[in-house]
Each structure stands twice: as C-alpha cells, then as structure tokens.
Amino acid sequence: MAKKKLKIIVAKPGLDGHDRGAKLLCRIFAEAGMEVVYTGLRQTPEMIVEAALQEDADVVGLSSLSGVHNYFFPRVVSLLKEKDMADVLVVGGGIIPDEDVSSLKAAGVAEIFGPGTRTDEIVQYIEGNVAG
Amino acid sequence: MADKTELEEIKKGRETWEKGPLNKALSRFGERKKKFTSISGTPVNRIYTPEDTATLRYQTDLGFPGNYPYTRGVQPTMYRGRFWTMRQYAGFGSAAETNARYRYLLEKGQTGLSVAFDLPTQAGYDSDHALSMGEVGKVGVAIDSIDDMRVLFDRIPLDKVTTSMTINAPATILLGMYLALAEAQNVSWDKVGGTVQNDVLKEIICRGQYIYPPGPTMRLTVDLIEFCQKHVPRWNTISISGYHIRESGSTAAQEIAFTIADGIAYAKACVDRGMDVDQFAGRLSFFFNAFTNVLEEAAKFRAARRVWAKVMKERFGAKNPRAMMLRYHVQTGGVTLTAQQPLNNIVRVGLQAYAASLGGCQSLHTNSYDEALCLPTEEAVTVALRTQQIVAEESGSTDTIDPLAGSYYVESMTDQIEADVNEYIEKIDARGGTLQAIEEGYIQKEIQNSAYRFQKEIESGERAYVGINKYQMEEPPPENLLRIDMSVGEKETEKLKALRAERNPDAWQAALGHLREVTKSGDNVMPAVIEAVKARATVGEICDVWREIFGEYRPKEFV
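Residues numbered from 1 in each chain as written. Chains lettered and ligands numbered in written order. Predicted model: local features only at pLDDT ≥ 70, side-chain atom pairs only at ≥ 80, totals over all residues.

Draft legend 1. Layout of the overall build of chain B. Regarding its fold elements, chain B presents 22 helices and 10 strands. Relative to its length of 559 residues, chain B is compact, with a C-alpha radius of gyration of 24 Å against a globular reference of 24 Å. By its C-alpha atoms, chain B is 85 × 60 × 45 Å across when sized along the principal axes. Residues classed as buried in chain B amount to 50% of the 559 residues present. (Helix = DSSP H or I, 4+ residues; strand = E, 2+ residues; numbered from the N terminus. Rg over C-alpha atoms; globule rule 2.2 N^0.38 Å. Buried ≥ 20, exposed ≤ 12 C-beta atoms within 10 Å, placed from the backbone.)

What follows is the structure, given as structure tokens:
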C-alpha cells in the first residue's frame, strides 16, 4: 500500500511578519513529499487549530520571531487537545531562547528548531515522530 | 579607462600570465573552489584588470562627490565634513522604559533616535485588542495615544534631535502625534527633523505590517509626503526600504532593484497627485542592508545612487539636484547573525559597518551580537554603537571620499549590479509596473527563489558559514538575555481604560467624525489626524475609521 502523504500546516501566529523561514520550509516540506498548507500571517491559535482540523493535518509547524512563542505555542497545543487532535505533532521554530524550550516541551510542543538548523534535520524529525 | 594601446598591452600581459605562471600554479595546486561567487550568487572572476573597466567614463559614470550621477557620494565632503548619523533602532516595553534607553544612548554619543514600535502599533491595533495579546511591548515600544508619545520623548527636545520612526501603514498617525508634541514643546514644525518609514509596498512584499489594500494605503503615504512638503520641510517623508527585502533572502541586486521599483511607484503617485518632482523628491530617503561581503556591498551602494539619479532625471525629468540624490540609512544584516557562537557577530557587524562607510551611507544602525537570541541587552547595544564609532574614528575609511573608486573589481561589480537592477526594472515595467508585479507575486517569488538558493548552498557546504556549517563547537546555552516583562500588556490595557474614561468624549467623537469625512472626500488626511490625536484618539481607533472606509488587505500567499 502506498504510504499516506504527510500533511503539515505551517503557521505564523500573532502579528510577526518574518516569514522567510516559514516560506522556505514550505518549499522544503513539499520537496520532501509532504502536503503543505501555509496559513499566512496574523493567525490566532483558534485559526491555526481550525485549519488543522479542516485539513486533517498530521503536523502543525509554528514559526515566531517576535518573542510571543510562550503565549501562542502552548495555546495551540491545548486547543488541539480540546478538539480531540492531541495526536497532531506540534513543532516550532524561530527566535526562541534555550531557557524557554523546556517549558514549551512540557506544554506539549514536540520540538523547537532554532536559527541555523539544517532543514533536512527538521524533515527527518517530523517523519520520524509523526503519529500513525 | 586605459587607452587602446595600453589595453592591448594589458591583454598581452594577461595572456602571457595565464599561459605561464597562472597555468603552472593551477596545475600544481588548483584553487579552493571550481566556481567563485559572491554571497548574492554573482560569479567572481579570478582577477580584474583595466580590461574590465575599459568602457567606464569617469565624468559620466562616476563624477565628483555631490555631482550627478552621485556614484561617489551625495555630498562634496562626505565624512570629512561630518560622520554619518549614528542611529540605533531601539524600543521595547513601555514608553517610560524606552525613554530611559534613548536618554542612555544620547548620553553615550548617539546622534539621532530611531523608534522601534511594537507590532500592535505597527499593525494599527491598540494594546487591548485581541490580536495584540502577547505582543504588547515585545519588539518595540507600545504607543496607543499621544499620552504615550509624550512619555517617550520626555526630556528630549524635539528641535535638538532627529527622530526616525519605523512606522508604515499608520505613519500619518505617529507623525501626527510627533508634530502635536513638538507644538506642545513650543518647537515650530519647520525646526523638527526626522524620518517616517511610510513604505507600505515593502510591507506587502515582505515585511507583513500592512493594514489596507495597496491603493488606499498609497493614498495615505502620499498625503503624508504632500503635507510635509508644505509644513514640515525638514522631514524625510518616506524611507523606501530594501533592508527587509534583503532580509527576506534577496540578492544585493534584487535589493536595489525592488527598492527602486517601489521608489518609482511612490514618485509616480506623487506626480499623479500634481506634486512637483523637484520639490518632493529631495525628501524621499532610502534604507538598505549591509551584509558581510564588503566589496559587493560597497559596489551595491554606489550602483544604487547611480541608478536612482538616472531614474529621477530621465524618467521623472527632475532638474533639482537634490531630487536625484539617493540618501540612505543602513542597518547591518540581522539575518547574517548567528545564534551559534554569538560573539562572532561583533566581527560580522564590524565588516558590515565598514561596508556601509565605504559605500557612503548617511546614517547607520549597527546590530547587536545577541540579536539571533533575543532583543539586545544594554551591553550588546553599547558594543554595537562602539563598533560604528571605531569604523568612523579609527578605520580611515572616512578620511577620503569613496576610497574604492577605480578598483577594477569594485567598478566592474558596480556596473554589473546597475545592469542587473535595470534589467529587473525593465521586467517590472513590462508587467505594468510595481503594483502589478507585487500583485502577481513576481517580486515575492524572485526573493523566495534567492532565499532557497542560499539555504541550499549553506546546507550543501558550498558556501561556508562560520559556526553554522564550518568551525562549529559545543557551547553552553547563552546567558543574560533580555526578557520583556509580560505585564506590559496589562499595564497598557489599564492605561487605555483610564484614557477612555478621562478624555472629552465630544471632542473625541467630533475629531473622528471629521477624519471620516475628510477621508471620504479625498482631501489630505493629515490635519484631521493631528486634530484626532490631540483629542486623544488612539492608534487603533483612527486605524479603524480607515478600516471601515478602505477595507483590510488580505494577501495572496506565494509559496
């Protein structure tokens, strides 16, 4: 049986406009054979989770460079749980201080990818950790 | 610029060298790489000689500083007269905290202010709006009303400093507050100087802080330009920005090309308004990036000046020299900084500041070494300011004007960048102009392709990046990062509540009503904006008036 294509939502929560990384990863994920939905900018946690629900996503990738990760990332995780989508893999990236990583992981974000991470590393992580 | 006989001699000399010593060295040792390219991907030759600059005509292509086409600089004395303005972009938390940072920077020898606003202010939302949650005071200072602006400039006389404000879609409002404040300080408008970014097109292309659709947002931009031309003559009415285009991944030539394409769109909108190019264009200013590849960057700045001068003269028929001068601010490349071994960033910033000085910038912001980790600490900001002071005072680049002129490589690269820029401008013209090219996603896609190429080069190891794909090392997690107090949002919300209770509701309502009428009538909005901010209307309330009339911009995503 053919392997099901992974579906990933790439989202920019909040008002941050730095989308170079998010857009680049969209292209990298697509080249790696994933189905990619990019939400664009100015997404609330509700909008992101709604997109994940509508698209029946396997993965949600969050990107933030404006320092709002502690506010937004855990909220996306808990809203996913509320919608019975706790098996969706949530990963994040951007400008995220090391000292925030453990609390984000404790809140249910699976992994955080900082500046300078190789894109193939991100792809491998997702492929290796997605549920199903 | 060598004569024909000399060129022939040089050609012979080169051929002899190639067949002899070069060939021998190549066959014995080879070279480090098969292909050498600049960070922009432009091929770099082994050597440049007078053959590469044979078509260069000194008087028409370079000229003297302060003379058309301004390749060598816009002022006759450049840094021998005075250094560039050292202007560090700063702002975080509340107006009071930021005011303290400004007074600290001024005390340390900074010569101009540069206001970073938080994202809610930039996107036209008050601190208590649902979309502002988590963002208040984060990447800049939170400004909701003229009350905050008064605190921001407390004990800073507005006739003694110049202030640059990174504000775009709501630029009319923040400038309105600044002018109202000047009035309150008894400083007449002809004495205030500074800049608003006011460049809404690059927000749509790459920076993301847009509010309204291109047409109406351009109208606000032009209203501000027109108003200042009449009433605030020392104000730089726009800072047409390539900085963010480069940060998003463009090459050096694309940075200049798309910025000048935006500049053409603004100049055309002003001309269409009935304004005289010789009067308004002298106050259009620019904002560029500086990467670590010093020589390519210096060539880029030189090429940009030449292209803009020709555009203004040939396309817009400018006669006033000021209207043809490309004056610009530089910020060193944020995206070039690494979270790995962050102290290395000091060296990167040093080289980038050196490039900016060799290129002839009018003002400069040097980034802090910790910016890939967090907002800069006070220590990091001081090192950054000292870096540009060292370039200015110690490097010698400021003692003679345009010191790289005549370098076979730099002149040849200046020509190459100019040609690449002109090719893009022709392509954009052929698509029906800048707005059309943005609407179709052409500019965005070109930038994304360059970002992708660069990432692939880094990951394949084809391009070395210290600490990223070469010379990596294990390091402990960084310490002493600046944290922003999460309670800023709550405090700002409290302040807003008090403001809404205290202000005169009749005056407030009347002012917003008048603004609505003026906006619909098509008249210049600036006087009504100033009236509204004086009646203590907030940024969000004024932006809402325009949201009702103009609608909100929803971009198509091109990925």
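Draft legend 2. Quick peek at the overall build of chain A. Broken down by element type, chain A carries five helices and five strands. Beginning at the N terminus, the succession of helices and strands in chain A can be written as β-α-β-α-β-α-β-α-β-α. Computed over the C-alpha atoms, the radius of gyration of chain A is 13 Å, within 12% of the 14 Å expected from 2.2 N^0.38 for a compact globule of 132 residues. Overall, chain A is about 45 × 35 × 25 Å in size when its C-alpha atoms are taken along their principal axes. A total of 132 residues make up chain A; the buried ones form 49% of that total. Counting contacts in chain A only where the partners sit at least 6 residues apart, residues at least 24 apart contribute 71% of the total. (Contact = placed C-beta atoms within 7 Å.)

Draft legend 3. Highlighting the environment of Glu99(A). Relative to the helices and strands, Glu99(A) resides in helix α4 (residues 98-106). In sequence terms Glu99(A) and Phe73(A) are 26 residues apart; their C-alpha atoms lie 15 Å from each other.

Draft legend 4. Focus on the interface of chain A and chain B. Contact residues are listed per partner, giving 29 residues for chain A and 33 residues for chain B. Those elements that place two or more of their residues in the side of chain A that touches chain B are α1 (20-31), α3 (69-82), α4 and α5 (119-129) of chain A. Among the elements that take part in the side of chain A that touches chain B, α1(A) stands out by supplying five residues, more than any other. For the side of chain A that touches chain B, the per-class residue count stands at 11 nonpolar, eight polar and 10 charged. (Nonpolar A, V, L, I, M, F, W, Y, C, P; charged D, E, K, R; others polar.)

Draft legend 5. Summary view of the sheet that holds strand β5 (residues 193-196) of chain B. Residue and element names in this part refer to chain B. Strand order in the open sheet made by the five strands is β2-β3-β4-β5-β6, with parallel pairing throughout. Two strands bound the open sheet, and with one partner strand each, they are β2 (89-90) and β6 (235-236). Pairing of strand β3 (residues 113-115) with strand β4 (residues 162-165) involves three bridges; the strand directions are parallel. Of the residues in β4, the one forming a bridge with Leu113 is Thr163. (Pairing = 2+ DSSP bridges.)

Draft legend 6. Representation of the confidence of the model for chain A in the model. With 97% of its residues at a pLDDT of at least 70, chain A reaches an overall mean of 94. Summarising per-element confidence for chain A, the mean pLDDT is lowest in α4(A) (94) and highest in strand β1 (residues 7-11) of chain A (98). (pLDDT = per-residue confidence, 0-100.)

Draft legend 7. Structural detail: the packing of helix α6 (residues 171-184) of chain B against helix α21 (residues 526-534) of chain B. Residues and elements named next belong to chain B. Contact geometry for α6 and α21: axes closest at 8 Å, N-to-C directions at 65°. Looking at the two axes, α6 sits roughly perpendicular to α21. When the axes of α6 and α21 are compared, the crossing they make is right-handed. Note on element contacts: α21 touches α6 through Met526, Val529, Ile530, Val533 and Lys534, opposite Thr172, Ile173, Gly176, Met177, Leu179 and Ala180. (Axes fitted to C-alpha atoms, helices over the stretch in contact; angles between N-to-C directions. Parallel < 35°, antiparallel > 145°, perpendicular 65-115°, else oblique. Left-handed = near helix turned anticlockwise from the far one by under 90°.)

Draft legend 8. A look at helix α3 (residues 95-107) of chain B. With 13 residues, α3(B) extends 18 Å from end C-alpha to end C-alpha; this agrees with the ideal 18 Å at 1.5 Å per step. Count one or two residues on from α3(B) and you reach Gly109(B), which has phi positive near 105°. (Expected span 1.5 Å × (residues − 1).)

Draft legend 9. Geometry of the pairing of strand β9 (residues 328-332) of chain B. All names here are of chain B. Taken across its five residues, β9 has five buried, putting it largely inside the fold. Across the two faces of β9 the burial is the same, with Tyr328, Val330 and Thr332 and His329 and Gln331 all buried. The sheet contact formed by strand β8 (residues 284-290) and β9 spans five bridges and is parallel. Note that in β9 the partner of Phe286 across the bridge is Tyr328. At this point the chain moves from β9, through helix α14 (residues 344-359), to the parallel strand β10 (residues 363-365), and the crossover so formed is right-handed. (Right-handed = clockwise from strand over helix to strand, strands pointing away.)

Draft legend 10. The arrangement of the sheet that holds β8(B) in detail. Residues and elements named next belong to chain B. Strand order across the open sheet formed by five strands is β1-β10-β9-β8-β7, with parallel pairing between neighbours. The open sheet has two edge strands with one neighbour each: β1 (85-86) and β7 (238-241). Sitting on the sheet, helix α10 (residues 252-272) is in contact with β7 and β8, with an inclination near 145° to β7.

Draft legend 11. Structural detail: unusual backbone geometry. In this structure, Pro69(B) follows Tyr68(B) across a cis peptide bond, with omega equal to 0°. Looking at where Pro69(B) falls in the secondary structure, it is placed in the loop between α2 (58-62) and β1.

Draft legend 12. Representation of α14(B). All names here are of chain B. Compared with the 22 Å implied by 1.5 Å per residue over 16 residues, the 23 Å span of α14 between its first and last C-alpha is a close match. Within α14 the residues assigned to the buried category are Asn345, Arg348, Val349, Gly350, Gln352, Ala353, Tyr354, Ala355, Ala356, Ser357, Leu358 and Gly359. Of the surrounding elements, those touching the buried residues of α14 are β8, α12 (294-315), β9, β10 and α15 (378-394). Following α14 by one or two positions, Gly360 has its phi on the positive side, about 90°.

Draft legend 13. Geometry of the pairing of β8(B). Residues and elements named next belong to chain B. The buried count for β8 comes to seven of seven residues, which makes it a mostly enclosed element. Neither face of β8 is open: one carries Leu284, Phe286, Phe288 and Ala290, the other Ser285, Phe287 and Asn289, and all of them are buried. Pairing geometry for β7 and β8, over four bridges, is parallel. Considered in β8, the bridge of Ser241 is made with Phe287.

Draft legend 14. Expanded view of the environment of Lys202(B). All names here are of chain B. Here Lys202 is to be found in helix α7 (residues 200-207). When the C-alpha atoms of Lys202 and Thr259 are compared, they prove to be 8.0 Å apart, with 57 residues separating the residues in sequence. Not counting the four nearest positions on each side in its chain, Lys202 is found in contact with Arg207, Ser241, His244, Ile245 and Asp262.

Draft legend 15. Examining the packing of α1(A) against α5(A) more closely. Residues and elements named next belong to chain A. Between α1 and α5, the least distance of the axes is 10 Å, while the angle of their chain directions is 60°. For the element pair α1 / α5, the angle class is oblique. α5 is crossed by α1, and the crossing has right-handed handedness. Taken together, the residues of α5 that come into contact with α1 (itself represented by Leu25, Ile28 and Phe29) are Thr119, Ile122 and Val123. Looking at side-chain class alone, the contact of α1 with α5 contains five nonpolar, one polar and no charged residues.

Draft legend 16. Looking closely at the environment of Leu131(B). With respect to the helices and strands, the residue Leu131(B) is situated in the loop between α4 (119-123) and α5 (146-152). Accessibility expressed as a C-beta count within 10 Å gives 18 for Leu131(B), which makes it partly exposed. Not counting residues within four places of it along the chain, the set of residues in contact with Leu131(B) comprises Leu15(A), Arg42(A) and Tyr125(B).

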